[in-house]
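Coordinate analysis (summary)
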Amino acid sequence: MFRKAPLLSLMFVLLCVPAFASVPLAGDELAVFELVNKERSRNGLAVLEWDDRAARVARDYSRRMAREGFFSHVDPDGQSVVERAERSKLRGWSSIGENLFACDPTDRASSIAIKGWMRSASHRKNILSRNWLATGIGIAHSRDGKIYITQVFIDQ
């Protein structure tokens, strides 16, 4: 979770593989969104709202990672989700978080991502945090088919 304060902590990253190029898949984005909310419901938490602005930040970042062949919470310019959200004019939040996932081509990326995130303490913490009220998801494919998923959480 990031706060608009000097101390920032990055969530850990799940990585299957590296890559480059992109195109988001709205159906798969919706599948990830629904699976995240299913996990929240199972754990007695309110479901997250979909936020188009957060989804735009997530899509842009997944596309960039796929196109440029990197995988990290900090981009090659040294910017985190905080700076990316501010640059894209995502306003109205005081805390922001991010989950990332990348894997080889598969038609099961959504469910694999959720299973992986739920096995990772930091990703699970994001998914099950009571602080988050909304989220957006972006998925991109590299030219060689590798899949990048970014989920941005905000507290609105």
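See the structure shown above.
Residues numbered from 1 in each chain as written. Predicted model: local features only at pLDDT ≥ 70, side-chain atom pairs only at ≥ 80, totals over all residues. Heavy atoms only, no water.

Right, let's talk about the overall build of the protein chain for a bit. A tally of helices and strands in the protein chain yields five helices and five strands. When the helices and strands of the protein chain are read in sequence order from the N terminus, they spell out β-α-β-α-α-β-α-α-β-β. Per-residue burial over the protein chain gives 51% buried out of 156 residues. Within the structure as shown, the protein chain displays about 7400 Å² of accessible surface, and the carbon and sulfur contribution to it stands at 54%. (Helix = DSSP H or I, 4+ residues; strand = E, 2+ residues; numbered from the N terminus. Buried < 20%, exposed > 50% of the residue type's maximum accessible area, 1.4 Å probe, protein only. Areas by Shrake-Rupley, 256 points an atom, 1.4 Å probe, with all protein chains shown as cover.)

Attention now goes to unusual backbone geometry. Positive phi, normally seen in glycine, also occurs at Lys89, with a value near 65°. Assignment of secondary structure puts Lys89 in the loop between α3 (81-87) and β3 (95-103).

Our next topic: the pairing of strand β4 (residues 134-141). For β4, a buried count of seven out of eight residues is recorded, marking the element as mostly surrounded by other parts of the structure. Pairing of strand β2 (residues 49-50) with β4 involves two bridges; the strand directions are parallel. When the bridges of β4 are listed, Trp50 appears paired with Thr135. In textbook terms, the turn of a hairpin is the stretch between consecutive antiparallel strands, and for β4 and strand β5 (residues 147-154) this stretch comprises five residues, one of which, Gly145, has a positive phi near 95°. (Pairing = 2+ DSSP bridges.)

Bringing the environment of Leu48 into the picture now. You can see Leu48 is positioned in the loop between α1 (26-42) and β2. In sequence terms Leu48 and Asn37 are eleven residues apart; their C-alpha atoms lie 6.4 Å from each other. Beyond its immediate stretch of four places on either side in the chain, Leu48 contacts Phe33, Val36, Asn37, Arg40, Trp132, Leu133, Ala134, Thr135 and Phe153. (Contact = heavy atoms within 4.5 Å.)

Glancing now at the nonpolar core. Ranked by internal contacts, the top residues of the largest apolar core, which has 20 residues, are Val32, Trp117, Ile127 and Ile149. Sorting the residues of this core by element identifies α1, β3, α4 (109-119), β4 and β5 as the ones contributing at least two each. A total of five residues in this core trace back to one element, the largest contributor, which is α4. The residues contacting Ile149, other than those within four sequence positions of it, are Val32, Ser62, Asn99, Leu100, Phe101, Ala109, Ala113, Trp117, Ile137, Gly138 and Ile139. In this structure, Val82, Trp93, Ile96 and Val152 belong to the second largest nonpolar core, which totals twelve residues. (Core = buried A, V, L, I, M, F, W, Y, C linked by side-chain atoms within 4.5 Å.)

Before going further, it helps to examine the packing of aromatic side chains. Here the structure, examined in full by the defined rule, presents four aromatic pairs. Taking 5.7 Å as the distance between ring centres and 25° as the angle between the ring planes, the aromatic pair formed by Trp132 and Phe153 counts as stacked. Of the two residues, Trp132 is situated in the loop between α5 (121-127) and β4 and Phe153 in strand β5; the sequence distance between them amounts to 21 residues. Each member of the pair, Trp132 together with Phe153, is buried. Positioned above the aromatic ring of Tyr61, the side-chain terminus of Arg84 is 3.4 Å from the ring centre. (Phe/Tyr/Trp six-rings, centres within 6.5 Å; stacked < 30°, edge-to-face > 60°. Lys NZ or Arg CZ within 6 Å of the ring centre and 35° of its normal.)

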